[in-house]
Amino acid sequence: DFPFRTDHDRWVIVAGLLTLVMRPLISGPVPPLLIQATRERTGKSILVTDVFGTFYGRDISPTALPEDDVELNKILIAKAFGAHTINFFDNVAGRIDSSVLAAYSTARRYTGRILGLSKEVDMTVNAMTILTANNPTMSGEIAKRMLVCALESRVDRPETRTDFKHQNLRAYLLEMRPQMLGSLL
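Cut-offs applied
Residues numbered from 1 in each chain as written. Predicted model: local features only at pLDDT ≥ 70, side-chain atom pairs only at ≥ 80, totals over all residues. Heavy atoms only, no water. Phe/Tyr/Trp six-rings, centres within 6.5 Å; stacked < 30°, edge-to-face > 60°. Buried < 20%, exposed > 50% of the residue type's maximum accessible area, 1.4 Å probe, protein only. Helix = DSSP H or I, 4+ residues; strand = E, 2+ residues; numbered from the N terminus. Pairing = 2+ DSSP bridges. Axes fitted to C-alpha atoms, helices over the stretch in contact; angles between N-to-C directions. Contact = heavy atoms within 4.5 Å. 1 Å grid on protein atoms, 1.4 Å probe; cavity = no way out; pocket = protein on both sides within 12 Å on 5 of 7 lines; lining within 4 Å. Points joined across faces, edges and corners; volume = space filled by probe spheres on them. Nonpolar A, V, L, I, M, F, W, Y, C, P; charged D, E, K, R; others polar.

Asks: Got a minute to help me understand the packing of aromatic side chains in this structure?
Replies: In this description, a pair of aromatic rings is defined by centroid distance and the angle of the planes. One pass over the structure, following the stated rule, counts 2 aromatic pairs. Ring centres of Tyr-104 and Tyr-110 lie 5.3 Å apart, and the angle between their planes is 80°; on these two criteria the pair is classed as edge-to-face. Of the two residues examined, Tyr-104 and Tyr-110, each falls in the buried class.

Asks: Explain the pairing of strand β5 (residues 120-124) here, please?
Replies: For a regular strand, side-chain orientation follows a simple rule: the groups alternate between the two sheet faces. Of the two faces of β5, the one holding Val-121 and Met-123 is buried and the one holding Glu-120, Asp-122 and Thr-124 is not buried anywhere. Note that strand β4 (residues 109-113) and β5 share 5 bridges and pair antiparallel. The residue of β5 that forms the bridge with Thr-111 is Asp-122. Turn length for the β4-β5 hairpin, with the two strands adjacent in sequence and antiparallel, is 6 residues, and the turn residue Gly-116 shows positive phi of about 85°.

Asks: Explanation requested: the sheet that holds strand β8 (residues 147-151) in the structure shown.
Replies: Consider a sheet: its strands pair through backbone hydrogen bonds, and that pairing is either parallel or antiparallel. Reading across the sheet, the 4 strands line up as β2-β6-β1-β8 and stay open at both edges, with parallel pairing between neighbours. Of all the strands in the sheet, the pair left with one neighbour each is β2 (86-92) and β8. Pairs of neighbouring strands in the sheet enclose a mean axial angle of 15°, with direction left out of account. Sheet analysis places strand β1 (residues 33-37) next to strand β6 (residues 128-134), joined by 5 bridges and oriented parallel. Considered in β6, the bridge of Leu-34 is made with Leu-131. Each of β1, β2, β6 and β8 touches helix α1 (residues 7-22); the most contacted strand, β8, lies at about 130° to it.

Asks: What should I look at first to understand the layout of surface pockets in this one?
Replies: In this approach the atoms are scanned with a rolling probe the size of a water molecule, which exposes any empty space left behind. In this model, the largest pocket occupies a volume close to 610 Å³. In terms of lining, the largest pocket is formed by 24 residues, of which the most central are Arg-41, Thr-42, Gly-43, Ile-46 and Phe-164. Considering every element that reaches the lining of the largest pocket, the biggest residue donor is helix α2 (residues 44-56), with 4 residues. Counted by class, the lining of the largest pocket contains 7 nonpolar, 9 polar and 8 charged residues. One number sums up the size of the second largest pocket: a volume of about 530 Å³. Phe-2, Phe-4, Arg-10, Leu-17 and Val-51 are, among the 18 residues lining the second largest pocket, the residues nearest its centre.

Asks: What should I look at first to understand empty space enclosed by the protein in this one?
Replies: Across all of its chains, the model carries 1 cavity of 30 Å³ or more by this definition. The volume enclosed by the largest cavity comes to roughly 60 Å³. In terms of lining, the largest cavity is formed by Arg-23, Pro-29, Val-30, Pro-31, Pro-32, Tyr-104, Ser-105, Val-125, Ala-127, Met-128 and Thr-129. Residue assignment for the lining of the largest cavity shows that the elements contributing at least two residues are α4 (99-105) and β6. Each residue belonging to the lining of the largest cavity can be placed in one class, and the counts come to 8 nonpolar, 2 polar and 1 charged.

In structure tokens:
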């Protein structure tokens, strides 16, 4: 039901799901996943919240990617303290160019300042980062670190589609979760 541009884009999602399942066993960095589309309402957020969320076994909450690296640093530190293992930045607008995101994406350990304190913390990077965006541009530094999946709607108004194979995708995924996890493993 997701309009992947090519088979490669579908396999990027499979790689992302494998990363999600195997992340606790990976002692090093994992590349961020960018799900991009040519138009709004193509299903990027649903792909993360429903598909990845079902595999993850809990809801995934979206966060806005701040334009300011200082704010992004605070968000990443706060999420680490909250034991989040997925950083989901939804509906990223414009150019993706962040030295903090670039450093975090390839680090085994990350150092940052705790919000409200003049104290730094050094922590192991255990999270997977997922971003969604419409027609994004990226700095070369970020583009070289990303796994990119492209969705391309074949209709002018994707939100009006009714031809879904599974009308209640979340219920179907929850029912099929054991088989899907087994297939991935």
